[in-house]
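Each chain is listed here by its residues.
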Amino acid sequence: MTNIIYRSLSKTSYSAELKRHKATKRAPSNVPYLVDNIWEWLRPDNMPTRRLTVCASPFKELALKYATSNDLLCNVRFAGKVNVVQITNYQDAKLHPDVKKLPRIITKYLGQQWLDSELDNKQTHGQLFIPLLSSEEVAGILSTPELLDLKEQLIKTSTFWQDVNHVNGDYQLTDGELFFYADDGYYLDISEK
């Protein structure tokens with residue numbers, strides 16, 4: 001990848017040393033767990049899981065705009081093999097239409113009676129709201145006979161992975177959020193704001 005991409009972070013979390021991905025999953029902070037679960041369930045095999053990736057921005061301004069801490073602006077430099085993807089048309093995943101559409105579809109499908117019911121009645125379908133479910137776990141919940149129509153609606157409605165493209169070769173970056181998995185690690189080099 002020849003494009004320069006950026007991350008903004010706090011001075012206390014900065015290190016010039018090679019960074020490796022964590023082996024543990026990262027719970028989403030900018031999208032509901034329910035949406036994250038649906039995205040993971042629908043994730044194509046050639047796309048990196050958002051749960052283990054690092055987020056970045058194609059432009060300095062966006063890195064500063066969406067960072068939780070913007071003490072330092074850094075260039076991301078890869079040590080080797082990397083899988084970088086970009087959400088097209090949306091500066092941040094939290095702005096993707098799925099974030100609002102998917103919860104509405106699910107709660108409408110389950111209905112007010114389910115929402116008002118006691119815990120015992122909510123347990124099976126309510127599992128969709130638990131953080132970091134695997135694709136197989138979501139598939140298992142949605143394979144119950146009463147949720148087969150919901151499963152089809154979610155497949156037809158979710159467009160997140162249709163709006164994500166691989167960044168390689170002569171790919172022209174847009175102003176959408178990037179996320180990557182660097183097999184061999186990556187470095188952060190301090191950049192001027």
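In this text, all values refer to a predicted model and were calculated from it rather than measured experimentally. (Residues numbered from 1 in each chain as written. Predicted model: local features only at pLDDT ≥ 70, side-chain atom pairs only at ≥ 80, totals over all residues. Heavy atoms only, no water.)

(A) How the structure looks around the overall build of the protein chain. Across its full length, the protein chain carries six helices and seven strands. Mapped from its N terminus to its C terminus, the protein chain presents α and β elements in the order β-α-β-α-β-β-α-α-α-α-β-β-β. Along the three orthogonal principal directions, the C-alpha set of the protein chain runs to about 55 × 35 × 25 Å. When the 193 residues of the protein chain are sorted by exposure, 42% land in the buried category. Taking the contacts inside the protein chain whose residues are at least 6 apart along the sequence as the reference set, 86% of them involve residues at least 24 apart. Within the structure as shown, the protein chain displays about 10500 Å² of accessible surface, and the carbon and sulfur contribution to it stands at 48%. Charge-centre separation for the protein chain: the mean point of 23 positive side chains lies 4 Å from the mean point of 24 negative side chains. (Helix = DSSP H or I, 4+ residues; strand = E, 2+ residues; numbered from the N terminus. Buried < 20%, exposed > 50% of the residue type's maximum accessible area, 1.4 Å probe, protein only. Contact = heavy atoms within 4.5 Å. Areas by Shrake-Rupley, 256 points an atom, 1.4 Å probe, with all protein chains shown as cover. Lys, Arg positive; Asp, Glu negative; His and termini not counted. Charge placed at Lys NZ, Arg CZ, Asp CG, Glu CD.)

(B) The packing of helix α1 (residues 33-42) against helix α6 (residues 148-157), seen in detail. Two elements in contact, α1 and α6, have axes whose closest approach is 11 Å; the angle formed by their N-to-C orientations is 80°. Classified by the angle their axes make, α1 and α6 are roughly perpendicular. Residues Ile 38, Trp 41 and Leu 42 of α1 form the contact with α6, whose own contacting residues are Lys 151, Leu 154 and Ile 155. By residue class, the composition of the contact of α1 with α6 is five nonpolar, no polar and one charged. (Axes fitted to C-alpha atoms, helices over the stretch in contact; angles between N-to-C directions. Parallel < 35°, antiparallel > 145°, perpendicular 65-115°, else oblique. Nonpolar A, V, L, I, M, F, W, Y, C, P; charged D, E, K, R; others polar.)

(C) Quick peek at the confidence of the model for the protein chain. Across the protein chain, the average pLDDT comes to 93, with 98% of residues at or above 70. Here helix α2 (residues 60-66) stands out as the least confident element of the protein chain, with mean pLDDT 89; α1 is the most confident, with 98. (pLDDT = per-residue confidence, 0-100.)

(D) Representation of the pattern of salt bridges. Enumeration according to the criterion identifies three salt bridges in this entry. Note that Asp 189 and Arg 77 form a salt bridge whose closest N and O atoms lie 2.8 Å from each other. Of the two residues, Asp 189 is situated in strand β7 (residues 186-191) and Arg 77 in strand β3 (residues 72-78); the sequence distance between them amounts to 112 residues. The class of Arg 77 is partly exposed, set by a relative accessible area of 39%. (Salt bridge = Lys/Arg side-chain N within 4 Å of Asp/Glu carboxyl O.)

(E) Region of the structure containing the environment of Arg 20. Following the sequence through the fold, Arg 20 ends up in the loop between β1 (5-9) and α1. With 163 residues separating them along the chain, Arg 20 and Asp 183 place their C-alpha atoms 8.0 Å apart. Here Arg 20 is in contact with Asp 183, Asp 184 and Gly 185, once residues within four sequence places are set aside. Engagement of the side chain of Arg 20 in a polar contact is seen with the backbone oxygen of Asp 184, the distance being 3.1 Å. (Polar contact = N/O pair within 3.5 Å; in protein donor to acceptor, adjacent residues only side chain to side chain.)

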